[in-house]
Amino acid sequence: MSPGSAADRPDPTTAVLPPDLAEAARRLFGDRLDLAAAYAELLATDGVVRGLIGPRETPRLWDRHLLNCAVVGELIPQGATVVDVGSGAGLPGLVLAIARPDLTVTLVEPLARRVVFLDEAVESLGLTTSVRVFLGRAEEAVAEPELPPSDVVTARAVAPLDRLAGWCLPLAAPGGRLIALKGASAADEIAEHAEAVHRLGGGEPVLRRCGEGVITPPTTVVDIVRERAVAPPAKTTPKKSRSRRR
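Here is what the cut-offs are and how they apply
Residues numbered from 1 in each chain as written. Predicted model: local features only at pLDDT ≥ 70, side-chain atom pairs only at ≥ 80, totals over all residues. Heavy atoms only, no water. Helix = DSSP H or I, 4+ residues; strand = E, 2+ residues; numbered from the N terminus. Buried < 20%, exposed > 50% of the residue type's maximum accessible area, 1.4 Å probe, protein only. Areas by Shrake-Rupley, 256 points an atom, 1.4 Å probe, with all protein chains shown as cover. Pairing = 2+ DSSP bridges. Axes fitted to C-alpha atoms, helices over the stretch in contact; angles between N-to-C directions. Contact = heavy atoms within 4.5 Å. Phe/Tyr/Trp six-rings, centres within 6.5 Å; stacked < 30°, edge-to-face > 60°. Polar contact = N/O pair within 3.5 Å; in protein donor to acceptor, adjacent residues only side chain to side chain. 1 Å grid on protein atoms, 1.4 Å probe; cavity = no way out; pocket = protein on both sides within 12 Å on 5 of 7 lines; lining within 4 Å. Points joined across faces, edges and corners; volume = space filled by probe spheres on them. Core = buried A, V, L, I, M, F, W, Y, C linked by side-chain atoms within 4.5 Å. Lys, Arg positive; Asp, Glu negative; His and termini not counted. Salt bridge = Lys/Arg side-chain N within 4 Å of Asp/Glu carboxyl O.

Engineer: Explain the overall build of the protein residue by residue, including any values.
Structural biologist: What the protein contains, in helices and strands, is eight helices and seven strands. Buried positions account for 51% of the 246 residues belonging to the protein. Surface summary for the protein: the accessible area is close to 12000 Å², and the carbon and sulfur share equals 53%.

Engineer: Which residues make up the sheet that holds strand β2 (residues 104–109), and what are the values?
Structural biologist: Within a sheet, neighbouring strands are paired by backbone hydrogen bonds and run either parallel or antiparallel to one another. Read across the sheet, seven strands follow the order β3-β2-β1-β4-β5-β7-β6 without closing on themselves; strand pairing throughout is mixed. Only two strands of the sheet have a single partner each, and these edge strands are β3 (131–135) and β6 (206–210). Across this sheet, the average inter-strand angle for adjacent strands is 25°, counted without regard to direction. Of the strand pairs in this sheet, β2 and β3 are connected by five bridges, and their pairing is parallel. Each bridged residue has a counterpart across the sheet, and for Val108 the counterpart in β3 is Phe134. Set on the sheet, helix α3 (residues 61–70) makes contact with β4 (150–156), β5 (172–182) and β7 (219–225); between it and β4 the angle comes to about 160°. Running at roughly 145° to β5, helix α7 (residues 161–168) makes contact with β1 (81–85), β4, β5 and β7 of the sheet.

Engineer: Explain the packing of aromatic side chains to me, using residue names and the numbers behind them.
Structural biologist: Tallying each qualifying case throughout the model produces one aromatic pair. Relative to Trp62, the ring of Phe29 lies with its centre 6.2 Å away and its plane at 85°, an arrangement referred to as edge-to-face. Of this pair, Phe29 sits in helix α1 (residues 22–29) while Trp62 is found in helix α3, placing the two residues 33 residues apart along the sequence.

Engineer: Now, about the environment of Glu57: what can you tell me, with residues and values included?
Structural biologist: Inspection of the secondary structure puts Glu57 in the loop between α2 (33–49) and α3. Distance in space between the C-alpha atoms of Glu57 and Leu43 is 9.5 Å, their sequence separation being 14 residues. When near neighbours in sequence (up to four residues on either side) are disregarded, Glu57 contacts Arg64 and His65. Within the local environment of Glu57, its side chain forms a polar contact with the side chain of Arg64, the two groups lying 2.8 Å apart.

Engineer: Explain unusual backbone geometry to me, and be specific about the residues and the numbers.
Structural biologist: With an omega dihedral of 5°, the bond running from Leu91 to Pro92 counts as a cis peptide bond. Here the residue pair Thr216 and Pro217 is connected by a cis peptide bond, since its omega of -5° sits within 30 degrees of zero. A positive phi is found at Ala157, a non-glycine position, where the angle reads about 55°. Checked against the element boundaries, Ala157 lands in the loop between β4 and α7. Assessed through its relative accessible area of 75%, Ala157 is described here as exposed.

Engineer: An account of the layout of surface pockets is needed here, citing residue identities and associated values.
Structural biologist: Roughly 440 Å³ of internal volume is contained in the largest pocket. In terms of lining residues, the largest pocket is bounded by 24 residues, among which Gly86, Ser87, Gly88, Glu109 and Arg114 are the most central.

Engineer: Can you tell me about the nonpolar core, naming the residues and giving the values?
Structural biologist: Phe29, Tyr39, Trp62, Leu66, Leu67 and Leu94 are the most contacted members of the largest nonpolar core, which has 55 residues in total. At the level of secondary structure, the elements contributing two or more residues to this core comprise α1, α2, α3, α4 (93–99), β2, α5 (112–124), β3 and β5. Here this core gets nine residues from one element, more than from any other, and that element is α2.

Engineer: Quick one: what's the story with the side chain of Asp84, residue by residue and with numbers?
Structural biologist: Within the fold, Asp84 resides in strand β1. The buried charged residue Asp84 lacks any salt bridge partner; its closest oppositely charged side chain belongs to Arg156, at an N-O distance of 8.7 Å. Separated by 2.7 Å, the side chains of Asp84 and Ser87 make a polar contact. Within the structure, the side chain of Asp84 is placed 2.8 Å from the side chain of Thr154, a separation counted as a polar contact. Setting aside anything within four residues of it in sequence, one finds Asp84 in contact with Gly90, Leu91, Pro92, Gly93, Thr106, Leu107, Val108, Thr154 and Ala155.

Engineer: Any details on the pattern of salt bridges? Residues and values, ideally.
Structural biologist: Tallied over the full model, the rule gives nine salt bridges. The residue Glu120 makes a salt bridge to Arg50 at a minimum N-O spacing of 2.6 Å. Note that Glu120 is positioned in helix α5 and Arg50 in the loop between α2 and α3, a separation of 70 residues in sequence. A salt bridge links Arg114 to Glu109, with the nearest nitrogen and oxygen atoms 3.7 Å apart. The class of Arg114 is partly exposed, set by a relative accessible area of 27%. Residue Glu109 is classed as buried on the basis of its relative accessible area of 1%. Where salt bridges share partners, they join Arg177, Arg208 and Asp223 into one cluster.

The values are spatial; any link to function lies outside them.
Here's what the structure looks like:
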């Protein structure tokens, strides 16, 4: 049997919503819960086979990934444009697009094999009118004429806060926000990198906990407003845009 064949794929039932998380999932996804379940199954099957999700993560897809990302929607205004940097398997960008049909989401991902998965997921989930996929780095996305500055930029487990601010704040409109999903190190990162964030045009980083009373533990994020534009460092000849068009 060849690698990646049906016999080698993880059992899709591992993506089934655990009963103890059903109430939170219904609250966060509403009438799009079936769509969230379809995405969870994609992660548990193709996502694992393609190396985007570790096999040991499949039993925790709902609590560790889907619900953990969906609660961030409470910080995003109605009808906002969202750019998700380093989207990987679509976390949190694709989850937010499922939970919040009012959002317009761009998934920015530099690795082609991940972009193939994202393209296929967006197509199979019927999200082509609200989600686009951009193949490239955040620095390249800034120069993309079809990608204007957004209301919100999200990132999850991408880089330390100073580097993340340098990549993400230029993608936000003035007054827009970077919402970085972080773990236990969030407070330490704020203390260490607040000065660098200020130099990059950001306001004071604020630690927030999303989903209190909905999920346990709540999701820890660092919220940074883009207060001003900062001139980028001198660049070499820019690379050709590799936008994915639909």
